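Listed here are the chains, written in short residue letters.
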Amino acid sequence: MNIAKEKFPLSEYFTMPEGYRCPLCPTHDDDDFCWHHLLSTPICRACSHEIINLVYDEKRIDDSALDQLEAVTGLSYEELQVAVLMPEIRHKEKILKSRDYAAKHHNSPQLDLDEWLEKERQELARTRRMVAIAKARIRVRKKAEQRSEKEIP
């Protein structure tokens, strides 16, 4: 099946034609899909949420789904963190920039809009910190690789 990215809005869920399977969990039927920029294909809602959860720790956890994601994308854990969390940062920044936009995305029945926005600000700061740490680790690893390449005759 040839799937063109332009047909699908980012971060919105949609229905795929009958028989389409999420490439990360093809053994069962799914109803809601979203375009995933790392895989360049639609994936199911559950896998979309799982990818974010898999990279939301400062240190890599031992998880077969994370192993699979690294293998499929060819990215290291830190590279996955940056690639997955940067769109999350941009989305949170957009929410925090406009109260009207925030009101449309307010999805916490137990928190009023102001409480929810404060929680989003805190989450944005945490996510930015994680991305900064991941980028620093990538730079350190690349410098170490460059040094080792220079040492090899």
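Residues numbered from 1 in each chain as written. Predicted model: local features only at pLDDT ≥ 70, side-chain atom pairs only at ≥ 80, totals over all residues. Heavy atoms only, no water.

> Would you mind showing me how to read the environment of Glu120 here?
Assignment of secondary structure puts Glu120 in helix α5 (residues 113–151). Separated by 96 residues in sequence, Glu120 and Leu24 have C-alpha atoms that sit 29 Å apart. Dropping the residues within four chain positions of it, Glu120 is found in contact with Lys92, Ile95 and Leu96. (Helix = DSSP H or I, 4+ residues; strand = E, 2+ residues; numbered from the N terminus. Contact = heavy atoms within 4.5 Å.)

> Sorry, what's going on with a positive patch on the surface here?
Where like charges cluster on the molecular surface, the positive patch consists of Lys135, Arg139, Lys143 and Arg147. Relative to the assigned elements, Arg147 resides in helix α5. (Patch = residues over 30% accessible without salt bridge, like charges linked within 9 Å, V, L, I, M, F, W, Y side chains within 5 Å. Areas by Shrake-Rupley, 256 points an atom, 1.4 Å probe, with all protein chains shown as cover. Salt bridge = Lys/Arg side-chain N within 4 Å of Asp/Glu carboxyl O. Lys, Arg positive; Asp, Glu negative; His and termini not counted. Charge placed at Lys NZ, Arg CZ, Asp CG, Glu CD.)

> Looking at this structure, I do not really get the packing of aromatic side chains. What am I missing?
Between two aromatic rings, the relevant description is the distance of the centres plus the angle of the planes. Within the structure shown, the criterion is met by one aromatic pair. Seen in terms of ring centroids, Tyr20 and Phe33 are 5.1 Å apart; in terms of plane orientation they differ by 75°. Their pairing is edge-to-face. Separated by 13 residues along the polypeptide, Tyr20 in the segment before β1 (33–36) and Phe33 in strand β1 bring together distant segments of the chain. Relative accessible area serves as the criterion here: at 2%, Phe33 is assigned to the buried category. (Phe/Tyr/Trp six-rings, centres within 6.5 Å; stacked < 30°, edge-to-face > 60°. Buried < 20%, exposed > 50% of the residue type's maximum accessible area, 1.4 Å probe, protein only.)

> Would you mind showing me how to read the pattern of salt bridges here?
Close approach of charged atoms lets side chains of opposite charge pair. Enumeration over the complete set of coordinates arrives at 13 salt bridges. In this structure, Asp114 engages Arg99 in a salt bridge whose closest nitrogen and oxygen atoms are separated by 2.9 Å. Residue Asp114 is found in helix α5, and its partner Arg99 is found in helix α4 (residues 99–105); the two are separated by 15 residues along the sequence. Here Asp114 falls in the partly exposed class, since its relative accessible area comes to 46%. Given the relative accessible area of 46%, Arg99 is considered partly exposed. In this structure, Arg141 and Glu145 form a salt bridge, with 3.8 Å as the shortest nitrogen-oxygen distance. Of this pair, Arg141 and Glu145 both sit in helix α5, four residues apart, which is roughly one turn of the helix. We classify Arg141 as partly exposed; its relative accessible area is 25%. Accessibility expressed as a relative area gives 39% for Glu145, which makes it partly exposed. Connected through salt bridges with shared partners, the residues Glu78, Glu79, Arg141 and Glu145 form a single ionic network.

> Whenever I open this one, the environment of Arg128 confuses me. Can you help?
Position of Arg128 among the secondary structure elements: in helix α5. Overall, Arg128 belongs to the partly exposed group, its relative accessible area being 41%. Beyond its immediate stretch of four places on either side in the chain, Arg128 contacts Ile89 and Glu93.

> I'm lost on the packing of helix α3 (residues 77–97) against α5 in this one. Help?
Packed helices, taken two at a time, are described by the angle their axes make and the gap between the axes. Relative orientation of the contacting elements α3 and α5 amounts to 150°, with a least axis distance of 9 Å. When the interaxial angle is binned, α3 and α5 end up roughly antiparallel. With respect to the hand of their crossing, α3 and α5 are arranged in left-handed fashion. Broken down by class, the residue content of the contact of α3 with α5 amounts to 13 nonpolar, two polar and eleven charged. (Axes fitted to C-alpha atoms, helices over the stretch in contact; angles between N-to-C directions. Parallel < 35°, antiparallel > 145°, perpendicular 65-115°, else oblique. Left-handed = near helix turned anticlockwise from the far one by under 90°. Nonpolar A, V, L, I, M, F, W, Y, C, P; charged D, E, K, R; others polar.)

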